[in-house]
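# An overview of the molecular structure
One letter stands for each residue in the lines below.
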Amino acid sequence: MVLLDVFFTMYNGFIDVSFLITGIIFSGVLFYVSIISILEKEYRAFRVSLILSSVIIIPFLIIFFFDFQYKIVVISIIILLIFIALIVLFFPYRPKLKEGFQIPKDKHDERDIMFSRNELKPETEKYDSYYHKNPEKKELDDKFREKPGLLSSGSSMYQPYSYASAHANLEVIEALKPIVNGPVSENKIKVDPFKISSYIKTWCKKLGAHSVGITELKGYHVYSHKGRRELYGKEIKNKHKYAIAITIEMDNEMIRTAPKGPVVMESTQQYLNSGTIALQVAYFIRSLGYEARAHIDGNYEVICPLIARDAGLGEIGRMGLLMTPELGPRVRIAAITTDIPLVLDFSKEFSSAIDFCTICKKCADICPSRSIAFEERGEINGVLRWQINSESCFTYWCTSGTDCGRCMAVCPYSHPDNFMHNFIRWGIKNSYIFRRFALYMDDLFYGRRPKSGNLPNWIDM
Ligand code: SF4
Ligand code: SF4
C-alpha cells in the first residue's frame, strides 16, 4: 500500500512536470521560429509565432499551478493526445505515384518556346513561316508584342539599377554563348567513371552549385530544332551519352521582391553563374580528351529541367519548374552533355512534391496572369503533368518588364535552406498528414497571398 502511494506520488510529480515541460517546449519552438523569422525578415511569420509562443504556454501554466479534481487524469489524457497527434503527424506514409515515371512521347521544338517566339520579327521569313505553320499562336503572341517588353523602361516594374544589372548579366551571357562547344584535346586521358563523376560533382559544388546530378541523355531531353538566333531551325543532333545537370540557388531576399526588378536581376545572375560553371566543366572535360557541350541560357540543345529531374535533382511541379527537395523552384539550371564515362544518378521518387502541389495551389492563387492551373494534372505529350499557360505568363513578363517569379517566391518549398525549413521539408517528404498540416501552417505564418517584398536598400536608392 505504501509502495503504491509512493508510486502514485512519483507518477503525479512526473506527469505534472512533464506537462509543464511540454508547454515550455511548444512555446520555445515557436519562439525559435520567431527568431528565425525576424532574421529572414518574414515579419508576419515573426508576429504570428511570437503571439503563439506567448499564448500556448498559458493553458499549461494554469493547469500546472492550479489544483482541481482529477487533475492528473486530465493531464495524462492531454499528454497522451499530444503524443498520438505527433505520431499521426509524422507517421511515414509515402504512397508511390500510381502512374510511374513520366516520359514525354515527342521531342520539343525550341522554336515553340516563348523566348524564340519573342525573337521573331514581323515581316521576316522566320516570322511568316512560323505563324503560317502555327496560325493558332499568332493572336496569342500579338498580345505580348503589344506590351512594352522585357527590361523595357516603359514596363510597370521599371527600376533603373536592377534593370541595368540584368542587362549587364545578359550581355555577359551573350558573350559566353559562342563558347559552349570547342575543340577536344587529342591527348585522351583514361578516367575512372566513379572518380571523375565524384570530382566533377565536388568541383561544381565548390564553384557554387547547389546540387549536381548525372543521367543518361535520352531523345526527349534534346530539342528537335534550334529556336534561337543564327541557328534557328537547325535540326539538333546531339549524340552525347551523358548529361550533367547543375542547379544553383537564387537569393531568397531578391526573389521575395517578385515581380519587381531584383527578381530579373537575380535570375539573370544565376543563369550566368550556372552557365559559367557549365562552361568550366565542359572545357575541363574537353581538355581530358572527351566531347562536352555546355547548355547555358539562350544556347540550349536540351531541356534542362527534364535532365535535372532524371538526374534525381527534383520533380516538375505545378508551375512547370523543377522542384528541388531543399530549395523548391528557387534554382536556376544549366547542363553539360558529354561522352566522358560517368556514373549515373538514378531518378529518385518525389511523389511527395506531386502530392503537395496537388493540395497547395499557392502559386496558382498568386499568379497575376492566372497562368497556373488549379486543376489536377492532365496528359500532355504522353506525360501526366501540369502545364502553365506560357503565353499569358510571358505577356505578363512583357508588361512588368521582369520575369515575374511571384509563383516561385510564394512556393512553400522556396523557404531558405536552414534547419527549421529543412525539418518542415523533411516532414512534407515523409508524411501525408504532415503535408496537409504544413500547408495550413504556411498559410497561417506567411499568408495565403503574401505581399511582394520591398526592394533591398542598396538597390532602392
Ligand atoms: S506553390 Fe504549391 S502548388 Fe505551386 S509549385 Fe509550390 S508547392 Fe506546388
Ligand atoms: S512567372 Fe508570374 S505570371 Fe508567370 S506563372 Fe509565375 S506568377 Fe504567373
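Everything numeric in this text was worked out from a predicted model, so none of it was measured.

### Here's the deal with the pairing of strand β6 (residues 331-338)
For β6, the buried fraction is high: eight of the eight residues fall into the buried class. Of the two faces of β6, the one holding V331, I333, A335 and T337 and the one holding R332, A334, I336 and T338 are both buried throughout. Where strand β2 (residues 242-249) and β6 come together, eight bridges link them in antiparallel fashion. When the sheet's bridge partners are listed, A245 is paired in β6 with A335.

### Focus on the packing of helix α2 (residues 43-65) against helix α17 (residues 432-446)
Running from amino to carboxyl end, α2 crosses α17 at an angle of 105°, the nearest separation of the two axes being 7 Å. Classified by the interaxial angle, the pair formed by α2 and α17 is roughly perpendicular. Here α2 contributes R44, A45, V48, S49 and L52 to the contact with α17, which in turn contributes D443, L444, F445 and Y446. Looking at the contact of α2 with α17 residue by residue, the classes come out as six nonpolar, one polar and two charged.

### With respect to the sheet that holds strand β3 (residues 292-295)
Pairing within the open sheet is antiparallel, and its four strands lie in the order β1-β2-β6-β3. Of all the strands in the sheet, the pair left with one neighbour each is β1 (211-216) and β3. Across the sheet, the mean angle from the axis of one strand to that of its neighbour is 20°, orientation sign disregarded. Set on the sheet, helix α8 (residues 193-206) makes contact with β1 and β2; between it and β1 the angle comes to about 145°.

### Overview of the packing of α8 against helix α10 (residues 261-287)
Contact pair α8 / α10: the axes reach a minimum separation of 11 Å and the direction vectors enclose 150°. Considered as vectors, α8 and α10 are oriented roughly antiparallel to each other. Handedness of the crossing formed by α8 with α10: right-handed. Along its contact with α8, which presents I196, Y199, I200, W203 and C204, the element α10 presents I277, Q280, V281, F284 and I285. Residue classes in the contact of α8 with α10 are distributed as nine nonpolar, one polar and no charged.

### Concerning the pattern of salt bridges
Applying the stated criterion across every chain yields a total of 24 salt bridges. With a closest N to O distance of 3.3 Å, K41 and E253 form a salt bridge. Taken as a pair, K41 in the loop between α1 (2-39) and α2 and E253 in helix α9 (residues 252-255) lie far apart in primary sequence, 212 residues in all. On the accessibility criterion, K41 (41% relative accessible area) is partly exposed. Look at E253 and you get partly exposed, because its relative accessible area is 35%.

Cut-offs and rules
Residues numbered from 1 in each chain as written. Chains lettered and ligands numbered in written order. Predicted model: local features only at pLDDT ≥ 70, side-chain atom pairs only at ≥ 80, totals over all residues. Heavy atoms only, no water. Buried < 20%, exposed > 50% of the residue type's maximum accessible area, 1.4 Å probe, protein only. Helix = DSSP H or I, 4+ residues; strand = E, 2+ residues; numbered from the N terminus. Pairing = 2+ DSSP bridges. Axes fitted to C-alpha atoms, helices over the stretch in contact; angles between N-to-C directions. Parallel < 35°, antiparallel > 145°, perpendicular 65-115°, else oblique. Contact = heavy atoms within 4.5 Å. Nonpolar A, V, L, I, M, F, W, Y, C, P; charged D, E, K, R; others polar. Left-handed = near helix turned anticlockwise from the far one by under 90°. Salt bridge = Lys/Arg side-chain N within 4 Å of Asp/Glu carboxyl O.

The values are spatial; any link to function lies outside them.
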